[in-house]
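Understanding the architecture of this molecule
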Amino acid sequence: MTADAPQIDSAPREGDWRSFALSLAIHSVVIVSFGLLWTTRIIGGGDEAPRRVEIVLATNDDKFEYLEQADLETSPDSGEQVNDPAEWLPDIATPPLDTSELPGEAAPLDIPLPGFDSTEMARPDARPGAPRESHLTPEQLQMLAGEQAAFEARRPKGPATTLKVFGSGDLTGRKFVFVIDRSKSMGGEGLNVMPAAARELTSAINALESFHQFQIVAYHHQNLTISRRALLNATLEAKAEVGEFINNLAAFGGTEHESALITALSLAPDIVVLLTDGGMPELNESQLRRINRAANGTQIHCIQFGQGPQQNLNGFMRTLAAQNAGTFRYIDVNQWGK
């Protein structure tokens, strides 16, 4: 080392350390103060107004535009403070409301709807024009065909007609059942009604057309019908059986009015005509109610036979006729032939 080269004192001086410590303390205080102030504003502490924020709007050309909160709270035209930006945002044209299609009136549809054919609902996957498949068994199909045939047989055919029996009121209908008492009191040892009944019923049934139906229920303690227990079509062959059927009835035994009437009503006729002397036992109130329920709208007309003036003016036959929309007539057999 030469004598005239400068010497560097590398030992730290006392004044430099003091300056560094003071600067560090001041910066620490500033940082802590700023942190406390920042924390207070974030959590909403203090009474200061909410801090201002900036909104960054990005554009397609990668430029940025900064929109401050003050721009949202101040009208761009007047500079006045507003609460709702909608008050100074540009108006948007709104089309007028068409009230013609509001609830209350059905608006017409301009879209044509396809036709609806209920026959295409035979199965869920049915398509218009596609053949329908039956999922019924042969036994079920046969049962269905039988029910349809029975329904068609019960369907009224042709116009109704009006009959009279023993001077009764008008008997109007398409299906008639005549219920005649064949107990001992109605035969030759009693009132001898059977020959007259044969003539009256033959005349009335001969007036029926072929599309009308009829049956005769003859009863004492048992019931008897022509051919079978069913309504017969009023054909020439069926009509020819009436007179012979009644004339061959043997009048004997007791009287079961209810059973004979229930048998007649089971055929579902329009008209039932009861011909009897009203002998014992009479129908009681319970029996009359059962007959009325079984009638189900069928009219029941009653013709009572006796000798001399009628004795019981309030007999069960009057009640039976009144309860079933029918008529009642009393016949004095002593007046026949006079």
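I will try to describe carefully the structure that is included in this document. Only a predicted model underlies this, so the values are computations on that prediction, with no experimental measurement involved.

1. Notes on the overall build of the protein
In terms of regular secondary structure, the protein is built from 8 helices and 11 strands. Scored against the burial criterion, the 338 residues of the protein give a buried share of 29%. Counting only contacts in the protein whose residues sit at least 6 apart along the sequence, the fraction spanning at least 24 positions is 63%. Within the structure as shown, the protein displays about 23500 Å² of accessible surface, and the carbon and sulfur contribution to it stands at 55%.

2. Things to note about helix α8 (residues 316-323)
Within α8, the full set of buried residues consists of Phe-316, Met-317, Leu-320 and Ala-321. Seen from one end, α8 has its buried residues packed into an arc of 135 degrees, which puts them on one side. In the core, the buried residues of α8 are packed alongside α6 (257-265), β9 (271-276), α7 (285-295), β10 (299-306) and β11 (328-332). One or two residues past the end of α8 sits Ala-325, with phi positive at roughly 55 degrees.

3. A word on the packing of α6 against α7
Two elements in contact, α6 and α7, have axes separated by 9 Å at closest approach and are oriented at 10 degrees. Taken together, α6 and α7 sit at an angle that is classed as roughly parallel. Side by side, α6 and α7 meet where Glu-258, Leu-261, Ile-262 and Leu-265 of the first sit next to Gln-287, Arg-290, Ile-291, Ala-294 and Ala-295 of the second. In terms of residue class, the contact of α6 with α7 is made up of 6 nonpolar, 1 polar and 2 charged.

4. Observations concerning a nonpolar patch on the surface
On the surface, a cluster of nonpolar side chains totalling about 290 Å² of accessible area is made up of Leu-22, Ile-26 and Val-30. Mapped onto the elements of the fold, Leu-22 is located in helix α1 (residues 14-42).

5. So, the nonpolar core
Within the largest apolar cluster, 36 residues are counted, with the highest numbers of intra-cluster contacts made by Val-165, Phe-166, Phe-178, Phe-214, Ile-216, Ile-246 and Phe-305. A per-element tally of this core places helix α4 (residues 194-206) first, with 7 residues. Within the second largest apolar cluster, 22 residues are counted, among which are Leu-231, Ile-291, Met-317 and Leu-320.

6. What to know about the pairing of β10
Across the 8 residues of β10, 7 count as buried, placing the element largely inside the fold. Taken together, the 6 bridges between β9 and β10 define a ladder with parallel strand orientation. Across the sheet, the residue bridging to Thr-276 is Gln-304, located in β10. The β-α-β motif built from β9, the intervening α7 and the parallel element β10 has right-handed crossover chirality. Crossover handedness for the path β10 to α8 to β11: right-handed.

7. Brief notes about the side chain of Thr-161
Locating Thr-161 in the fold gives a position in strand β3 (residues 161-163). Ignoring anything within four residues of it in the chain, the contact list for Thr-161 reads Leu-171, Thr-172, Gly-173, Phe-176, Leu-208 and His-212.

8. With respect to the packing of aromatic side chains
According to the stated counting rule, one finds 4 aromatic pairs in the structure shown. On the basis of an interplanar angle of 80 degrees and a centroid distance of 5.2 Å, the ring pair of Phe-166 and Phe-305 is categorised as edge-to-face. One end of the pair, Phe-166, is in the loop between β3 and β4 (171-173); the other, Phe-305, is in strand β10, with 139 residues separating them in the sequence. Neither Phe-166 nor Phe-305 differs from the other in exposure class; each is buried. On the basis of relative accessibility, which here comes to 8%, the residue Phe-166 falls in the buried class. An aromatic cluster is defined as three or more aromatic residues linked by ring pairs; in this entry it consists of Phe-166, Phe-305 and Trp-336.

9. Side note on α4
Spanning 13 residues, α4 covers 18 Å between terminal C-alpha atoms, matching the ideal 18 Å at 1.5 Å per step. Where α4 is concerned, the buried positions are Met-194, Ala-196, Ala-197, Ala-198, Leu-201, Ala-204 and Ile-205. Buried positions along α4 lie against β3, β5 (175-181), β6 (213-219) and α5 (236-247).

10. Some details on the environment of Ile-300
Here Ile-300 lies in strand β10. Each C-alpha atom, one on Ile-300 and one on Val-273, is 5.9 Å from the other, the two residues being 27 residues apart in sequence. Ignoring any residue separated from it by four or fewer positions in sequence, one finds Ile-300 in contact with Leu-265, Val-272, Ile-291, Ala-295, Leu-320, Ala-321, Asn-324, Gly-326 and Thr-327.

11. Thoughts on the environment of Asn-296
By secondary structure assignment, the location of Asn-296 is in the loop between α7 and β10. Exposure remark for Asn-296: the relative accessible area of 70% places this residue in the exposed category. Sequence-wise, Asn-296 and Asn-324 are 28 residues apart; in three dimensions their C-alpha atoms are separated by 8.8 Å.

12. What about the pattern of salt bridges?
Enumeration according to the criterion identifies 3 salt bridges in this entry. With a closest N to O distance of 2.7 Å, Asp-170 and Lys-164 form a salt bridge. Looking at Asp-170, the relative accessible area reads 49%, which means it is partly exposed. Among the salt bridges present, the one from Glu-189 reaches Lys-184, with a minimum N-O distance of 3.6 Å.

Criteria and thresholds
Residues numbered from 1 in each chain as written. Predicted model: local features only at pLDDT ≥ 70, side-chain atom pairs only at ≥ 80, totals over all residues. Heavy atoms only, no water. Helix = DSSP H or I, 4+ residues; strand = E, 2+ residues; numbered from the N terminus. Buried < 20%, exposed > 50% of the residue type's maximum accessible area, 1.4 Å probe, protein only. Contact = heavy atoms within 4.5 Å. Areas by Shrake-Rupley, 256 points an atom, 1.4 Å probe, with all protein chains shown as cover. Arc of directions from axis to C-beta. Axes fitted to C-alpha atoms, helices over the stretch in contact; angles between N-to-C directions. Parallel < 35°, antiparallel > 145°, perpendicular 65-115°, else oblique. Nonpolar A, V, L, I, M, F, W, Y, C, P; charged D, E, K, R; others polar. Patch = residues over 30% accessible without salt bridge, like charges linked within 9 Å, V, L, I, M, F, W, Y side chains within 5 Å. Salt bridge = Lys/Arg side-chain N within 4 Å of Asp/Glu carboxyl O. Core = buried A, V, L, I, M, F, W, Y, C linked by side-chain atoms within 4.5 Å. Pairing = 2+ DSSP bridges. Right-handed = clockwise from strand over helix to strand, strands pointing away. Phe/Tyr/Trp six-rings, centres within 6.5 Å; stacked < 30°, edge-to-face > 60°. Expected span 1.5 Å × (residues − 1).

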